[in-house]
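Residues per chain are reported as follows:
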Amino acid sequence: MEILYLLIPLSTALVLLILVLIPHVGKGVNGARRWLPLGVMNFQPSELAKIGTLLALAEYISRKGVDLRTIRDMATTIGIVALPIGLIMLEPDFGSASVFAAMLLGVMLWAGVDLFLLFVVVAAPLIVISAFVGKVWFYSIAAICTLGAVFFRRGIVVTVLSIGLFVGVGFSSNYVYGILKPHQKDRILSFLDPETDPRGKGYNVIQSVMAVGSGGLTGKGFLHGTQTQLRYIPKQWTDFIFCVPTEEFGFVGGILVIGLLGILIFRAISIASIAHNKFSAVICIGVATLLLFHTMVNVGMAIGLFPVMGIPLPFLSAGGSSLVVNFASVGLLLNAYRLRQAKQRT
């Protein structure tokens, strides 16, 4: 019976992710196949897969005898998330894939993973990303990761294998960059230096930063934002939604949006700390990580600190699939709190 709680949500998510890849079933836009047409609306399976994968993670980690400090249990946990990530990468949708990776990282930290194994898992992609930025960043991050592997003192064999892994992923960065789609390469280039093509690749980022900065302290007033109301920012209702409150209500509006989302994230963590079982605690931490990552990356995209990844801002960005999943996530938090209260009464 317990295996069903692991297989049902995960298998449902995987089936939907496979369906979206089938020609004439999934809907393709701008070279990406991410949606299932449902009559009057399009449904994005990767959004529902977040909930299904989180439930599967919570069920496995809460099992008796599971210890993430062991390689076997850690590898199984990573494998649960690797399945949907692999299918999402085929769409391709690197932004959504990064959300799953962030959720896995948050859950593993909460569940007590071996810090050295987690360090290796996190350091490898950081080295690849630094290679895109430049040689100085690449050599600096690679050196820091190498020193980190030595710092943990896990024996000469384990240390050498870890350093060998870092070297391997570092020199494979050219291959990773080569398999990216043209628009994904453009996003990386516009993030590194948007001024190189201000009317092309860097246009959205430049206009977004202008909109945020022009709002000042209290903004230009409701519906009086020039960059947003005159449609200078093409994706202002999805990827760059943060530009709207910051231009029209200024720094005060931006802080209010971040503050409200911060309160929700803090409440999710506090509910996890008092949850009556590990299953509920893992779900709450997973929801908190999802909300935090979405907020951090979306705001970072709007002010030029992160590359454009197509990650929506919770409860603000347009998108029916993401909104439904956000409400479902809050429902999971409320259920965990309700169970805690019922436990106290009995």
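As the structure is a computational prediction, the values presented were derived from the model and not from experiment.

S.K.: Got a minute to help me understand the side chain of Gln44 in this structure?
M.R.: Topologically, Gln44 is positioned in the loop between β3 (41-43) and α2 (45-61). Setting aside chain neighbours within four positions, we find Gln44 in contact with Arg34, Trp35, Asp93, Ser96 and Ser321.

S.K.: Explain the environment of Leu16 here, please?
M.R.: Here Leu16 shows up in helix α1 (residues 2-19). Take Leu16: its relative accessible area is 18%, and that puts it in the buried class. In this view, Leu16 contacts Leu36, Phe43, Pro45 and Leu48; residues no more than four positions away in its chain are not counted.

S.K.: Mind showing me how you'd approach the packing of helix α12 (residues 243-274) against helix α14 (residues 320-345) here?
M.R.: A pair of packed helices can be characterised by two numbers: the angle between their axes and the separation between those axes. Here α12 crosses α14 at 35°, and the two axes come no closer than 10 Å. When the axes of α12 and α14 are compared, the crossing they make is left-handed. Residues Leu264, Arg267, Ala268, Ile271 and Ile274 of α12 form the contact with α14, whose participating residues are Val330, Leu333, Ala336, Tyr337 and Arg340. Residue classes in the contact of α12 with α14 are distributed as eight nonpolar, no polar and two charged.

S.K.: Would you explain the pattern of salt bridges in this entry?
M.R.: Side chains that differ in charge, positive against negative, can pair when their charged atoms come close. Enumeration according to the criterion identifies five salt bridges in this entry. When the shortest N-O distance is used, the salt bridge between Lys50 and Glu47 registers 3.1 Å. Linking Lys50 with Glu47, this pair stays in helix α2, spanning three residues, or about one helical turn. Here Lys50 falls in the buried class, since its relative accessible area comes to 3%.

Analysis parameters
Sequence order as written defines residue numbering, which begins from 1 separately in each chain. The model is predicted, so local features are restricted to residues of pLDDT at least 70 and side-chain atom pairs to those at 80 or more, both for listing and for counting; the totals for chains, interfaces and linings are taken over all residues. Hydrogens are left out, water is left out, and the side-chain values use all remaining heavy atoms of the structure. Per the convention used, a helix needs a DSSP run of H or I reaching at least four residues, while a strand needs a run of E reaching at least two, with both numbered from the N terminus. We call two residues contacting when some pair of their heavy atoms lies within 4.5 Å. Residue burial is assigned from relative accessible area. The probe radius is 1.4 Å, only protein chains are included, and a residue is buried under 20% of its type maximum, exposed over 50%, and partly exposed in between. To obtain an axis, a line is fitted to C-alpha atoms, over the contacting stretch when the element is a helix, and the angle between two such axes runs from 0 to 180 degrees between their N-to-C directions. Each helix crossing is assigned a hand: it is left-handed if the near helix lies turned anticlockwise from the far helix by less than a right angle, otherwise right-handed if that turn is clockwise. Residue classes follow a fixed rule: Ala, Val, Leu, Ile, Met, Phe, Trp, Tyr, Cys and Pro count as nonpolar, while Asp, Glu, Lys and Arg count as charged, and any other residue, Gly among them, counts as polar. Between Lys or Arg on one side and Asp or Glu on the other, a salt bridge is scored when a side-chain nitrogen of the former is within 4 Å of a carboxyl oxygen of the latter.

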